[in-house]
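Summary of structural features
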Amino acid sequence: NAKLSPEKLLCQLRDRVNVTMIQRSDGPFGTSEWLQYLPGKSFSEAVGQLGRCAVVSSAGSLKSSHLGQEIDSHDAVLRFNGAPVRGFQDDVGQKTTIRLVNSQLVTVEEQQFLKEPLYNTGILIVWDPAPYHAEIHEWYRKPDYNFFESYKAYRRAHPEQPFYILNPKMQWQLWDILQENSLEHIQPNPPSSGMLGIVLMMTLCDQVDVYEFLPSKRQTDICHYYQKFHDHACTMGAYHPLLFEKNLVKHMNQGTDEDIYTHGKVTLPGFRKVQC
Ligand code: NCC
């Protein structure tokens, strides 16, 4: 149902979605107080250029997938929110290079976030749903979850760990492309952490293998591979336009349908490899 060819779509994503982290030069973050909290190194200095990358969704269908070794064979691995590796290595691997968390987790589950060792590995990035195409100032005054104090508390406890705030502009740049390539009206809510993470990795890596974002033959109503909770909406979406995200990713897949069916695996090119 997408309107653009896969090649044109990749170019649109590359050219219109600006993946950056909040820096000192971003208005309200220019204070001497924020100077103590934002990481000294820029995000690109901290990660560098990456080759083969894996994005691991948190879907229940990862259970019994035995994809761990394959996932760990990548140069970098992105995980989401509270998705654990301990006890699940065989299915999801153990490497965590980047962890993308939403502001709800950082705020509502602050105590776990500050305590759980799971968050201490790799580079952390937090994102927050911003008003549609809002300026940084407007978003700073009314974030969806006011995670700024928790962010500072985490930075005080773990000053050596790189921890960035995703510039909220990208979520709506990406949403616009999702809407333009869908025949239906999509809900005006930002893309899921999964979709944001996929595009983030496309900016950093030569190749991005995404696991169980498009469900395999193991598709299940079990929400997460690490919990017993059942909810169809986890895979199909409710708040996030997850179904539209998945259609878009399917459209750009450079791997085979067989790989989706057996491994829940989609292969996307990094933006550096895209010619427009
Ligand atoms: O569940 P969540 O997502 O942490 O999952 C991370 C990403 O994996 C993909 N996914 C997940 C489950 C599934 N069955 N199929 C999938 O494709 C999605 O791309 C998803 O984004 C989020 O996007 O941040 C989300 O976060 C949770 C929750 O806030 C965190 O896990 C922290 O506890 C949200 N759940 C609730 O608010 C109850 C979820 O809606 C979105």
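Here, every reference points to the structure presented above.
Residues numbered from 1 in each chain as written. Predicted model: local features only at pLDDT ≥ 70, side-chain atom pairs only at ≥ 80, totals over all residues. Heavy atoms only, no water.

A tally of regular secondary structure across the protein chain gives 14 helices and 7 strands. A compact globule built from 276 residues should have a C-alpha radius of gyration of about 19 Å, and the protein chain, at 18 Å, falls within 12% of that. Burial analysis of the protein chain (276 residues in total) assigns 53% to the buried set. In the protein chain, once contacts between residues fewer than 6 apart in sequence are set aside, the share between residues at least 24 apart is 70%. Split by element, the accessible area of the protein chain, about 12600 Å² in all, is 49% carbon and sulfur. Treating the 27 positive side-chain charges of the protein chain as one cloud and the 31 negative ones as another, the clouds have centres 3 Å apart. (Helix = DSSP H or I, 4+ residues; strand = E, 2+ residues; numbered from the N terminus. Rg over C-alpha atoms; globule rule 2.2 N^0.38 Å. Buried < 20%, exposed > 50% of the residue type's maximum accessible area, 1.4 Å probe, protein only. Contact = heavy atoms within 4.5 Å. Areas by Shrake-Rupley, 256 points an atom, 1.4 Å probe, with all protein chains shown as cover. Lys, Arg positive; Asp, Glu negative; His and termini not counted. Charge placed at Lys NZ, Arg CZ, Asp CG, Glu CD.)

To continue, consider the packing of helix α1 (residues 6-16) against helix α13 (residues 242-252). Between α1 and α13, the least distance of the axes is 9 Å, while the angle of their chain directions is 120°. Viewed along their axes, α1 and α13 adopt a mutual orientation that is oblique. Judged by the twist between their axes, the crossing of α1 over α13 is left-handed. Counted together, P6, L9, L10 and L13 of α1 and L248, H251 and M252 of α13 form the full contact between these two elements. (Axes fitted to C-alpha atoms, helices over the stretch in contact; angles between N-to-C directions. Parallel < 35°, antiparallel > 145°, perpendicular 65-115°, else oblique. Left-handed = near helix turned anticlockwise from the far one by under 90°.)

What follows concerns the environment of P241. One can find P241 in the loop between α12 (233-236) and α13. Note: C-alpha distance between P241 and I186 (55 residues apart in sequence) is 6.5 Å. Ignoring anything within four residues of it in the chain, the contact list for P241 reads W175, L178, I186, Q187, N189, P190 and P191.

Lining the immediate environment of the ligand, one finds 20 residues, of which N81, N102, S193, H224 and K246 sit closest. Separating an oxygen atom of the ligand from a side-chain N or O atom of N102 is a distance of 2.7 Å. At a separation of 3.0 Å, a nitrogen atom of the ligand approaches a polar backbone atom of C223. Look at the ligand: alone it shows 740 Å² of surface, and the protein chains cover 77% of it. Elements with a minimum of two residues in the shell around the ligand: α6 (103-108), α11 (193-204), α12 and α13. Across the shell around the ligand, the residue classes tally to 7 nonpolar, 11 polar and 2 charged. (Near = heavy atom within 4 Å. Polar contact = N/O pair within 3.5 Å; in protein donor to acceptor, adjacent residues only side chain to side chain. Nonpolar A, V, L, I, M, F, W, Y, C, P; charged D, E, K, R; others polar.)

Our next topic: the environment of P162. Along the chain, the position of P162 falls in the loop between α9 (148-157) and β5 (163-165). The spacing of P162 and L124 is 38 residues in sequence and 6.3 Å in space, taken between C-alpha atoms.

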